[in-house]
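Here is what each chain is made of, one letter per residue.
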Amino acid sequence: GLNFIDLMVRQGNIDNPPKTPLVPGFECSGIVEALGDSVKGFEIGDRVMAFVNYNAWAEVVCTPVEFVYKIPDDMTFSEAAAFPMNFVTAYMMLFEVANLREGMSVLVHSAGGGVGQAVAQLCSTIPNVTVFGTASSFKHEAIKNSVTHLFDRNADYVQEVKRISADGVDIVLDCLCGENTGKGLSLLKPLGTYILYGSSNMVTGETKSFFSFAKSWWQVEKVNPIKLYEENKVIAGFSLLNLLFKQNGGGLIKGVMDKLLNLYNSKKIKPVVDSLWALEEVKEAMQRIHDRGNIGKLILDVEKAPTPLMANDSTETSEAGEEEEDHEGDNENKERMPFIQ
C-alpha cells in the first residue's frame, strides 16, 4: 500500500526519519513463506496482510506476528494491501476517539482518498450519520454517492457546512492541518471532537519546503484550554503508526481488525483501490498521490510489469501542488498510465 505518509517520509517531513538507505512502506499483503519458531496460528502458504515498520515495498517482508492478519477468502491481494492503514485509522478515529453514534455528523477532508473513503463507508454502518466531505472538484462525480454533502477543497467549506447545519458538526477529521485546524474547531458543536491525523498541507513541491512547513504551523490556531472548557469541545490527535510501533498498540489494533473483517465479510465495507503500479513505477505512483489525483488507495504490485510510457492526457502539477490543465500538443511530459481497478 502507498500512503501519503510515504511522501512525508521521502521529503523528511516527519520526526526522526530512519537513515538511508531504507525501504519505505508500512502495509502489505502476500503469502507466508516462513515462520518464526514460536509462531502459532499461521502456516506457510497462508494469504495474509500486515503492518510493517518500514520495508513494506519489497519482494520479501519480515514483521512480528502481532501485526499479521489472515485475508478473507474473497478479498484480493490488492484489496488486502489497501485495507489495514485506511480502515484501522478511520475506525479508531470514529469509534475509539470520537465515539460516533446514531444521528451524528462528520466532516472529513480529502474525502476521495483512502482514509476518506473508509470513513464514508464506516459512517454508513451507523444509522442517520451525516457526512460532509471536501475533495478536488474533478473527484466529485466519482465519490458523490459516498458522502451526504460534498464541497470543493478550495471553497469556503465552513460557510457551506453552516448553511446546512447552523450548529456545525459533531466530528472533524483533519489530515490537512494549517489554517484548517482553526476552521475545524470553529465548526464543532458542543461536545464535538476535532481529530488531527495528518498534515498534508506541508507537502507542496518535490522536496521538503521549510517555508511551507513553517507557514502551515504558523496558521495553526493556538489552542486555549480554557476556551475548550468554556465551549465544551474536544481536540485530539491520532497516529496509527506511533500507536502500533511505539506505544504497544498491537493488541488493541488486533481487536479492531477483527471487527473490520467482520464488516467486510458481511459486505458492509470494501477497500477502494485506485490503481496498481509496478515497483519500477513508484515515482509515478507517488506523483499521483502528490497531485491528489487518486480515488482510494494506490498499490505497488511486485508481480506487475511496468506499463509502457504514454503521453499524459490528464493533469500536471505545479511546484505549489495545484492541478493545472495540460497544454494541448505538449508531449514533453510523459507518465505511465497504470491498470485502473
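Positions within a chain are numbered from 1, following the residues in the order the chain's sequence is written. Whole-chain, interface and lining totals are the exception, using all residues; otherwise, since this is a predicted model, local features are given only for residues with pLDDT of at least 70 and side-chain atom pairs are given and counted only at 80 or more. For the side-chain quantities, the full set of heavy atoms in the structure was used; hydrogens and water were omitted.

The name recorded for the chain in an unreviewed UniProt entry is VAT1L protein, from Prunella fulvescens. UniProt positions are given in the numbering used here, feature names are shortened, and annotations may be inferred rather than shown by experiment. According to UniProt, the comment filed for the chain under the heading Sequence similarities (unreviewed entry) is "Belongs to the zinc-containing alcohol dehydrogenase family. Quinone oxidoreductase subfamily."

Draft legend 1. Inspection of the sheet that holds strand 2 (residues 47-51) at higher detail. Spatially, 1-2-3 is the arrangement adopted by the 3 strands of the open sheet, whose pairing is antiparallel. Among the strands making up the open sheet, the edge pair consists of strand 1 (27-31) and strand 3 (68-70). The sheet shows a mean angle of 25° between the axes of neighbouring strands, direction not considered. Bridge count for strand 2 against strand 3 is 3 bridges, and the pairing is antiparallel. Residue pairing for strand 3: alanine 50 is matched across the bridge by valine 68. Contacting strand 1 and strand 2, helix 3 (residues 84-97) runs over the sheet at an angle of about 60° to strand 2. Contacts were defined at the residue level, with two residues in contact if any of their heavy atoms lie within 4.5 Å. A fitted line through C-alpha atoms serves as each axis, taken over the contacting stretch for helices, and the angle formed by two N-to-C directions is quoted from 0 to 180°. Segments assigned H or I by DSSP are reported as helices when at least four residues long, segments assigned E as strands when at least two residues long, and all are numbered from the N terminus. Packed onto the sheet, helix 11 (residues 250-265) meets strand 2 and strand 3 and runs at close to 20° relative to strand 3. Pairing between strands requires that DSSP locate at least two bridges from one strand to the other.

Draft legend 2. Geometry of the environment of leucine 276. Tracing the chain through its elements places leucine 276 in strand 10 (residues 273-278). Note on exposure labels: buried denotes an accessible area under 20% of the residue type's maximum, exposed denotes more than 50%, and partly exposed covers the range between, all computed with a 1.4 Å probe on protein chains only. Residue leucine 276 is classed as buried on the basis of its relative accessible area of 11%. When the C-alpha atoms of leucine 276 and lysine 297 are compared, they prove to be 9.0 Å apart, with 21 residues separating the residues in sequence.

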